[in-house]
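# Observations on chain architecture
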Amino acid sequence: GYPDMPSPLPATYVMPPIEIFRQMAQAILISLEAMNVFKVVRDAARFAFVRLVATAGSQVMDFLPTLMTHLLAHFEPTELVDFMNFIVLMMHRLQAEMYTVLEQLVVPLHGRITEFLATPITGTDDKVSHSDTKKGYLNFLNAIMSNKLHGVFLTESGSFAVSEFHAILTLASR
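Below is a summary of the structure that appears in this document.

Calculation criteria
- Residues numbered from 1 in each chain as written.
- Predicted model: local features only at pLDDT ≥ 70, side-chain atom pairs only at ≥ 80, totals over all residues.
- Heavy atoms only, no water.
- Helix = DSSP H or I, 4+ residues; strand = E, 2+ residues; numbered from the N terminus.
- Buried < 20%, exposed > 50% of the residue type's maximum accessible area, 1.4 Å probe, protein only.
- Areas by Shrake-Rupley, 256 points an atom, 1.4 Å probe, with all protein chains shown as cover.
- Salt bridge = Lys/Arg side-chain N within 4 Å of Asp/Glu carboxyl O.
- Expected span 1.5 Å × (residues − 1).
- Bend = angle between axes of the 7 residues up to and from the residue.
- Patch = residues over 30% accessible without salt bridge, like charges linked within 9 Å, V, L, I, M, F, W, Y side chains within 5 Å.
- Axes fitted to C-alpha atoms, helices over the stretch in contact; angles between N-to-C directions.
- Parallel < 35°, antiparallel > 145°, perpendicular 65-115°, else oblique.
- Left-handed = near helix turned anticlockwise from the far one by under 90°.
- Contact = heavy atoms within 4.5 Å.
- Nonpolar A, V, L, I, M, F, W, Y, C, P; charged D, E, K, R; others polar.
- Phe/Tyr/Trp six-rings, centres within 6.5 Å; stacked < 30°, edge-to-face > 60°.

## A word on the overall build of the chain
Along the backbone of the chain there are 7 helices and 0 strands. Each helix (α) and strand (β) of the chain, taken in turn from the N terminus, gives the series α-α-α-α-α-α-α. Counting only residues that meet the buried cut, the chain has 41% of its 174 residues in that class. With the model as given, the accessible surface of the chain reaches about 9,400 Å², and the carbon-plus-sulfur share is 60%.

## Regarding unusual backbone geometry
Even without being a glycine, Gln95 presents a positive backbone phi close to 45°. On the accessibility criterion, Gln95 (40% relative accessible area) is partly exposed.

## Description of the pattern of salt bridges
All chains considered together, the criterion is met by 7 salt bridges. As a salt-bridge pair, Glu79 and Arg46 come within 3.8 Å of each other at their nearest N and O atoms. Taken together, the residues Glu79 in the loop between α3 (64-73) and α4 (80-94) and Arg46 in helix α2 (residues 39-56) connect sequence positions 33 residues apart. The exposure class assigned to Arg46 is buried, which follows from its relative accessible area of 8%. Each of Lys39, Arg42, Asp43, Arg46, Glu76, Glu79 and Asp82 takes part in salt bridges that share partners, so that together they form one network.

## Quick word on helix α5 (residues 99-118)
The first and last C-alpha atoms of α5 sit 28 Å apart over 20 residues, in line with the 28 Å expected at 1.5 Å per residue. The sharpest bend along α5 comes to roughly 40°, located at Leu105, with the proline Pro108 sitting one to four residues further on. Regarding α5, the residues found buried are Val101, Leu102, Leu105, Val106, Leu109, His110, Ile113, Phe116 and Leu117.

## Quick look at a nonpolar patch on the surface
Among the surface-exposed residues, Met35, Val37, Phe38 and Val40 lie close enough to one another that they form a single nonpolar patch of about 380 Å² accessible area. By the element assignment, Phe38 lies in the loop between α1 (18-35) and α2. Its relative accessible area of 48% is what places Phe38 among the partly exposed residues.

## With respect to the environment of Ala34
Topologically, Ala34 is positioned in helix α1. Taking the C-alpha atoms as reference points, Ala34 and His70, 36 residues apart in sequence, are found 9.6 Å from one another.

## Here's the deal with the packing of α1 against α3
Packing of α1 against α3 leaves a shortest axis separation of 10 Å and a crossing angle of 20°. Of the possible angle classes, the one that applies to α1 and α3 is roughly parallel. Between α1 and α3 the crossing geometry is left-handed. Contacts between α1 and α3 involve Leu29, Leu32 and Glu33 on the former and, on the latter, Thr66, Leu67, His70 and Leu71. Class assignment of the residues belonging to the contact of α1 with α3 gives a composition of 4 nonpolar, 2 polar and 1 charged.

## What about the packing of aromatic side chains?
Counted by the stated rule, this structure contains 2 aromatic pairs. Here the aromatic rings of Phe75 and Phe83 are separated by 5.4 Å at their centres, their planes lie at 90°, and the arrangement is edge-to-face. When sorted by exposure, Phe75 lands in the same class as Phe83, which is buried. Where Tyr137 meets Phe140, the ring centres are 6.2 Å apart and the plane angle is 15°; that geometry is what we call stacked. With Tyr137 and Phe140 both in helix α6 (residues 124-146) and 3 residues apart, the pair spans about one turn of that helix. Each member of the pair, Tyr137 together with Phe140, is buried.

## Describing the packing of α1 against α2
To describe two helices that pack against each other, one gives the angle between their axes and the distance between the axes. Two elements in contact, α1 and α2, have axes whose closest approach is 10 Å; the angle formed by their N-to-C orientations is 165°. Compared by their axis directions, α1 and α2 come out roughly antiparallel. As α1 packs across α2, the resulting crossing turns out to be left-handed. For the pair α1 and α2, the contacting residues are Ile18, Phe21, Met24, Ala25, Ile28, Leu29, Ser31, Leu32 and Met35 in the first and Val41, Arg42, Ala45, Ala48, Phe49, Leu52, Thr55 and Ala56 in the second.

Just geometry here; none of it tells us what the structure is for.
This is how it looks when you write it as structure tokens:
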């Protein structure tokens, strides 16, 4: 494989074949679009994009909104924490470049989390899943703040978060 892209780029760094990586990203998205009902395909797409971003950096950034849309289209509750961890990793790798993607993602992701946490707990597995989701959501919110991306909560599309931030913290602390 290719090494991770250093940040900042040294003057002697030889860029990998970015166009090939962009073609791979496009092929992954086409496959995901066709087969996003299968959990294993969604997992593989997330894994592949982590590696693509590690190597190509922001050069594959424009594919992330489409990836997020396809990943959120068919989603099992057990994938929620993995998805949030994926976003946290992308925030860490791409930092300020993730702002636009986060701006589009915050509202639908919050809706999915709220919907999941509103389901009744019927057993130990549900309780563990709810607890993991709350921890993952707090980690996600913390990553937004640590990466100085908190402006997504102040935009028109993210304004829900300002009005519901207290509710989010209350929900997570139960």
